[in-house]
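Results of the structural survey
For reference, the chains in residue letters:
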Amino acid sequence: MKLFECQNCGQLLYFENVACEKCGHRLGFDPQSLSLITLKEARDGWKPLGRLGGSWRGSKVRFCRNAEEGVCNWLVPAEGSEDYCIACRLNRTIPDLGPPENRDLWRKFESAKHRLVYGLLRLGLSVPSKADDPDGGIAFDFLSPQAEPDGVITGHESGLITLNLDEADDAKRELNRKNLHEPYRTVLGHFRHEIGHYYWDQLVANGPWHERYRAMFGDESLDYQVALQQHYQNGPAPGWQENYISAYATSHPWEDFAETWAHYMHITDTLETAGAFGLKVEPQAGRKGANRMAVDYARRAPDFDTMMDRWVPLTTALNTLNKSMGARDLYPFVLTQTITAKLRFVHDLIADSTGR
Ligand SMILES: [Zn+2]
Ligand SMILES: [Zn+2]
């Protein structure tokens, strides 16, 4: 994620900010330029102090309707008829906001969803809503299991992504993490995983990448329900860590792809953040050893290999920092050659699909 600057006073700003802490100006996120814009109230909307991107240049803007709910700071053009921003337009079902705890949980979902959409747009991917494209679009159902007599199963089906609101509850999610023996479980991870299934449908299925996908991830025509059942019964095969980023990825080639996709998004976002902070990793010990490293994250990696070369030293530093705070590893993963090849597949697939 990038860092931003107030266009009125130069204050450092973050993606989630709604007002400048220094000068008090309202802020809105422009999904066309992917930047936070400082705003001045005008008669018929908000006037941007910064330059809007793409076709919005020179327009006045309004806030997404979800700004009223305190869950969105994204903008829409003032003259358009659309009430919701590109990220909130993906919502089909939001939780019942009657129970007060639901609003907090929903806010956590929105925070992750907006970061997800930012990441997708940044990669150059299109993020259509089912409201506009019923067959090829994306829709989210955020369901509270307390309101669903049959429970809620997190998953993806033809662009419809269902997420269980309980996962925004830290205690419940942590319990699930423990019961499923997962080293990592986050709301953002769920969003990035489920959207991976959507882009598999869009970019891989029945296209020029399908053969290569099967060669690398396996044959997805394998019965999905049976495979999942077997996974939950028997667990992953011994030695799975060599070929899979997570135990869940072993359950079915679709899950392997979605896990790898999510992981690729973790890496690109975290590297961008490190770059935005001008982070440098240059351990002041072991400089003569084979593991000597010195990376300046402000320079953007020109290709996949460089990106991965830079990723490992950063995760080493982050894990060690976490230990200093008594927390567990921020990055509890090991990248082998096979896993890296799968990440490269996702990288190349996105590059090919977006022409970047
Ligand atoms: Zn300011
Ligand atoms: Zn919105």
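This structure is a prediction, so every number in the text was calculated from the model and none was measured. (Residues numbered from 1 in each chain as written. Chains lettered and ligands numbered in written order. Predicted model: local features only at pLDDT ≥ 70, side-chain atom pairs only at ≥ 80, totals over all residues. Heavy atoms only, no water.)

Protein-derived ligands of the zinc ion (ligand 1) are Cys6 (SG), Cys9 (SG), Cys20 (SG) and Cys23 (SG), with the metal-ligand distances lying across 2.2 to 2.3 Å. One way to put it: the 4 donor atoms around the zinc ion (ligand 1) meet at angles of 100 to 118°, and that makes the site tetrahedral. Sequence spacing among the residues donating to the zinc ion (ligand 1) works out to C-x2-C-x10-C-x2-C. (Donors = N, O, S within 2.8 Å, 3.2 Å for Na, K, Ca; no water. Tetrahedral: all angles 85-135°; square planar, octahedral: opposite > 155°, others 65-115°.)

Here we come to the nonpolar core. Of all hydrophobic cores here, the largest spans 77 residues; its most connected members are Phe140, Ile195, Tyr199, Phe257 and Trp261. Beyond its immediate sequence surroundings of up to four residues, Ile195 is in contact with Leu116, Leu120, Ile138, Phe140, Ile161, Trp261 and Met265. Counting residues in hydrophobic clusters, the runner-up holds 8 residues, among them Trp46, Trp56, Val61 and Phe63. (Core = buried A, V, L, I, M, F, W, Y, C linked by side-chain atoms within 4.5 Å. Buried < 20%, exposed > 50% of the residue type's maximum accessible area, 1.4 Å probe, protein only. Contact = heavy atoms within 4.5 Å.)

A word on the coordination of the zinc ion (ligand 2). Binding of the zinc ion (ligand 2) to the protein goes through Cys64 (SG), Cys72 (SG), Cys85 (SG) and Cys88 (SG), at separations of 2.2 to 2.3 Å. Around the zinc ion (ligand 2) sit 4 donor atoms; with metal-centred angles ranging over 107 to 113°, the donor geometry is tetrahedral. Between the donor residues of the zinc ion (ligand 2), the gaps in sequence give the motif C-x7-C-x12-C-x2-C. Residue Cys72 is located in the loop between β6 (61-63) and β7 (75-77), and its partner Cys85 is located in the loop between β7 and β8 (91-93); the two are separated by 13 residues in the primary sequence. Neither Cys72 nor Cys85 differs from the other in exposure class; each is buried. (Helix = DSSP H or I, 4+ residues; strand = E, 2+ residues; numbered from the N terminus.)

The pairing of strands in a sheet comes from backbone hydrogen bonds and takes either a parallel or an antiparallel form. Spatial ordering of the open sheet is given by β8-β9-β11-β10, a layout of 4 strands whose pairing is mixed. At either end of the open sheet lies a strand with only one pairing partner, and these are β8 and β10 (155-157). Put simply, the sheet's adjacent strands are angled 25° from each other on average, direction ignored. In terms of strand pairing, β8 meets strand β9 (residues 139-143) through 2 bridges, oriented parallel. (Pairing = 2+ DSSP bridges. Axes fitted to C-alpha atoms, helices over the stretch in contact; angles between N-to-C directions.)

Using the residue numbers shown here, the UniProt feature "domain: Zinc-ribbon" (unreviewed entry) corresponds to residues 3-97. Between the end C-alpha atoms of residues 3-97 there is a gap of 32 Å, over a span that is 0% helix and 32% strand. (UniProt positions renumbered as here; feature names shortened; annotations may be inferred.)

What follows concerns the packing of helix α4 (residues 210-217) against helix α8 (residues 337-354). Angle between the axes and distance between the axes are the two parameters that describe a pair of packed helices. One way to put it is that α4 packs onto α8 with a least axis distance of 10 Å and a crossing angle of 165°. On the basis of the axis angle, α4 is roughly antiparallel to α8. Considering how the two elements wind past one another, α4 and α8 form a crossing that is left-handed. Together, Arg212, Tyr213, Met216 and Phe217 of α4 and Ala341, Lys342, Phe345 and Asp348 of α8 make up the contact between the two elements. Tallied by class, the residues present in the contact of α4 with α8 amount to 5 nonpolar, no polar and 3 charged. (Parallel < 35°, antiparallel > 145°, perpendicular 65-115°, else oblique. Left-handed = near helix turned anticlockwise from the far one by under 90°. Nonpolar A, V, L, I, M, F, W, Y, C, P; charged D, E, K, R; others polar.)

This paragraph deals with the packing of aromatic side chains. Aromatic rings considered in pairs are described by the distance between their centres and by the relative angle of their planes. With the rule as written, the count across this model stands at 28 aromatic pairs. Considering the side-chain rings of Trp200 and Trp254, the 5.8 Å spacing of their centres and the 75° angle between planes classify their relative orientation as edge-to-face. One end of the pair, Trp200, is in helix α3 (residues 187-204); the other, Trp254, is in helix α6 (residues 253-276), with 54 residues separating them in the sequence. On the basis of relative accessibility, which here comes to 5%, the residue Trp200 falls in the buried class. One aromatic cluster is present, built from ring pairs that chain together Tyr198, Tyr199, Trp200, Trp209, Tyr213, Phe217, Tyr224, Trp254, Phe257, Trp261 and Phe345. Over the ring of Phe63 we find Arg26; its NZ or CZ atom is 4.0 Å from the centre of that ring. Its end group placed over the ring of Tyr244, Lys342 keeps NZ or CZ at 4.2 Å from the ring centre. (Phe/Tyr/Trp six-rings, centres within 6.5 Å; stacked < 30°, edge-to-face > 60°. Lys NZ or Arg CZ within 6 Å of the ring centre and 35° of its normal.)

Okay, α4 next. Within α4 the residues assigned to the buried category are His210, Tyr213 and Phe217. All buried residues of α4 fall inside an arc of 55° around its axis, so they share one side. Opposite the buried face of α4, by more than 90 degrees, sit the exposed residues Glu211 and Ala215. Those residues of α4 that are buried are in contact with α3, α6 and α8. (Arc of directions from axis to C-beta.)

For the rest of this paragraph, the subject is the side chain of Glu259. Mapping Glu259 onto the fold places it in helix α6. Of the side chains bearing the opposite charge, Arg185 lies closest to the buried Glu259, which forms no salt bridge; the N-O distance is 8.7 Å. Of the polar contacts made by the side chain of Glu259, one reaches the side chain of His193; its length is 2.7 Å. The contacts of Glu259, once residues within four sequence positions are left out, are His193, Ile245, Ser246, Tyr248 and Ala249. (Lys, Arg positive; Asp, Glu negative; His and termini not counted. Salt bridge = Lys/Arg side-chain N within 4 Å of Asp/Glu carboxyl O. Polar contact = N/O pair within 3.5 Å; in protein donor to acceptor, adjacent residues only side chain to side chain.)

Quick look at the environment of Asn17 now. Assignment of secondary structure puts Asn17 in the loop between β2 (12-13) and β3 (26-30). Note on Asn17: relative accessible area 18%, which makes it buried. Each C-alpha atom, one on Asn17 and one on Leu27, is 6.9 Å from the other, the two residues being 10 residues apart in sequence. The contacts of Asn17, once residues within four sequence positions are left out, are Leu27, Leu36 and Asn73.

Scanning the entire structure with this criterion turns up 23 salt bridges. Between Asp132 and Arg89 there is a salt bridge whose closest N-O contact spans 2.3 Å. Linking Asp132 in the loop between α1 (100-122) and β9 with Arg89 in the loop between β7 and β8, this pair joins segments that are 43 residues apart in sequence. With its nearest N and O atoms 2.9 Å apart, the salt bridge here joins Glu167 to Arg185. With Glu167 in the loop between β11 (160-164) and α2 (170-179) and Arg185 in the loop between α2 and α3, this pair connects stretches of sequence that are 18 residues apart.

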